[in-house]
Amino acid sequence: NSNTTVTTTYSTIEGLIPGNYYTFLVSARVGENNVQGNNVVIAEYTKPGVVKNLKTENITTTSISLSWEKPDGNASSYFIQILEDPTFDMNVTTTSYTIEILTPGNYYTILVYAQVGENNVQGGYDIVSNYTIPEVVKNLNTENITTTSISLRWEKPDGNAIFYFIQILGEPSFNSNVTTTFEIIEGLTPGNYYTFLVSTFVNNIQGNSSVIANYT
């Protein structure tokens, strides 16, 4: 409990706890003896603080898990938004949540607000961003095989892909980045068996490889 006397018709009360419920009583006074009238009562929450240590974890092709810590003061629930997806919003009472049914290889900016009260009074937000992992390429095939070359062809994966990374298993000196969905691998040994791995990249995030093998 605290009280203060003012001569104005307004006052700023400071030093309160974030996300706390306060009941204020205001009464008029007159005279040297401060004769007091009846109280008028109003109640309100302070805005909750910002959540702490928001981070992404356990990222898959279609989901991102979030975790955070309770803010200073009080919080009764949390509101999650995706900046790139205005149709997504979620109220939760836990300090973790897994967002699912996302697009593979997509960049997401996620906002988390603390809330208090029946009307979900919101504080400031913390923000975190990350990509989902890109999906595996589709229908990887070998074609136009010669004594020293094998052509690879595939289809774009579900979701997003910036470029494709090609490796030959057992030959670490060979790797290639391409932006097309086909590539001719040349300079191979006649009659040799080759295993090719093709994976998708977005930013610096690599998806799982699709694998195919054949002889020159």
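Owing to the predicted nature of the structure, the values given are computational and were not obtained by experimental measurement.

### Examining the overall build of the protein chain
Point 1. Of the regular secondary structure elements, the protein chain holds zero helices and 19 strands.
Point 2. Against the 2.2 N^0.38 benchmark of 17 Å for 216 residues, the protein chain shows a C-alpha radius of gyration of 30 Å, more extended than a compact globule.
Point 3. Here the C-alpha coordinates of the protein chain stretch approximately 110 × 30 × 25 Å along the principal axes.
Point 4. Counting over 216 residues, the protein chain shows a buried share of 33%.

### Regarding the pairing of strand β14 (residues 163–168)
Point 1. Relative to strand β17 (residues 193–202), β14 runs antiparallel, the two being bridged by six bridges. Bridged to Ile166 within β17 is Val198.
Point 2. Here four bridges tie β14 to strand β15 (residues 175–178), and the two strands are oriented antiparallel to one another. Counterpart to Phe165 in the pairing with β15 is Asn177.
Point 3. With antiparallel pairing between neighbouring strands as the criterion, β14 and β15 make up a hairpin whose turn holds six residues, including Gly170 at a positive phi of roughly 85 degrees.

### Quick word on the domain arrangement of the protein chain
Point 1. Under the domain assignment used here, the protein chain contains domain 1 (52–131) and domain 2 (138–215).
Point 2. Here the C-alpha centre of domain 2 lies 37 Å away from the C-alpha centre of domain 1.
Point 3. The interface of domain 1 with domain 2 comprises six residues on the first partner and six residues on the second.
Point 4. Buried area between domain 1 and domain 2, both sides added, is near 460 Å², and the carbon and sulfur share of it is 63%.
Point 5. By the criterion of area lost to domain 2, the three top residues of domain 1 are Pro104, Gly105 and Tyr131, representing 82% of everything that side buries.

### With respect to the side chain of Ser63
Point 1. Residue position: Ser63 is located in the loop between β5 (52–57) and β6 (64–69).
Point 2. You can call Ser63 buried: its relative accessible area is 9%.
Point 3. Among the polar contacts listed, one links the side chain of Ser63 to the side chain of Thr60, at a separation of 2.7 Å.
Point 4. If we ignore the near neighbours within four places in the chain, the residues touching Ser63 are Asn58, Thr98, Ile99, Glu100, Leu102 and Thr132.

### Things to note about the nonpolar core
Point 1. Leu66, Trp68, Ile80, Ile99, Ile110 and Val112 are the most contacted members of the largest nonpolar core, which totals 17 residues.
Point 2. Within the residue set of this core, elements represented by two or more residues are β6, β7 (77–82), β8 (85–92) and β10 (107–116).
Point 3. The contacts of Trp68, once residues within four sequence positions are left out, are Val51, Lys52, Asn53, Leu54, Tyr78, Ile80, Val92, Thr94, Thr95, Ser96, Tyr97 and Val112.
Point 4. Membership of the second largest hydrophobic core comes to 15 residues, among which are Tyr164, Ile185, Tyr194 and Phe196.

### Observations regarding the packing of aromatic side chains
Point 1. All chains considered together, the criterion is met by 11 aromatic pairs.
Point 2. When the centroid spacing of 5.4 Å and the interplanar angle of 70 degrees are considered together, the rings of Trp154 and Tyr164 count as edge-to-face. You can see Trp154 sitting in strand β13 (residues 150–155) and its partner Tyr164 sitting in strand β14, a full 10 residues away along the chain.
Point 3. For Trp154, a relative accessible area of 3% translates into the label buried.
Point 4. Its relative accessible area of 4% is what places Tyr164 among the buried residues.
Point 5. Feature note: the residues Phe79, Tyr113 and Tyr125 constitute an aromatic cluster, connected by ring pairs.

### A word on the sheet that holds strand β16 (residues 182–185)
Point 1. Across the sheet, three strands lie side by side as β12-β13-β16; this open sheet has antiparallel pairing. What marks the edges here is a single partner per strand, and that holds for β12 (138–143) and β16. Going from strand to strand, the sheet's axes swing by 15 degrees on average, the running direction of each strand aside.

### Here we look at the pattern of salt bridges
Point 1. Applying the stated criterion across every chain, the model contains three salt bridges.
Point 2. The closest approach of N and O atoms between Lys52 and Asp72, which form a salt bridge, is 2.7 Å. Of this pair, Lys52 sits in strand β5 while Asp72 sits in the loop between β6 and β7, and the two are 20 residues apart along the sequence.
Point 3. We classify Lys52 as partly exposed; its relative accessible area is 33%.
Point 4. Across the salt bridge formed by Arg153 and Glu143, the nearest N and O atoms sit 2.9 Å from each other.

Cut-off values and rules
- Residues numbered from 1 in each chain as written.
- Predicted model: local features only at pLDDT ≥ 70, side-chain atom pairs only at ≥ 80, totals over all residues.
- Heavy atoms only, no water.
- Helix = DSSP H or I, 4+ residues; strand = E, 2+ residues; numbered from the N terminus.
- Rg over C-alpha atoms; globule rule 2.2 N^0.38 Å.
- Buried < 20%, exposed > 50% of the residue type's maximum accessible area, 1.4 Å probe, protein only.
- Pairing = 2+ DSSP bridges.
- Domains from an automatic or database assignment.
- Contact = heavy atoms within 4.5 Å.
- Buried area = accessible area lost by both parts, 1.4 Å probe.
- Polar contact = N/O pair within 3.5 Å; in protein donor to acceptor, adjacent residues only side chain to side chain.
- Core = buried A, V, L, I, M, F, W, Y, C linked by side-chain atoms within 4.5 Å.
- Phe/Tyr/Trp six-rings, centres within 6.5 Å; stacked < 30°, edge-to-face > 60°.
- Axes fitted to C-alpha atoms, helices over the stretch in contact; angles between N-to-C directions.
- Salt bridge = Lys/Arg side-chain N within 4 Å of Asp/Glu carboxyl O.

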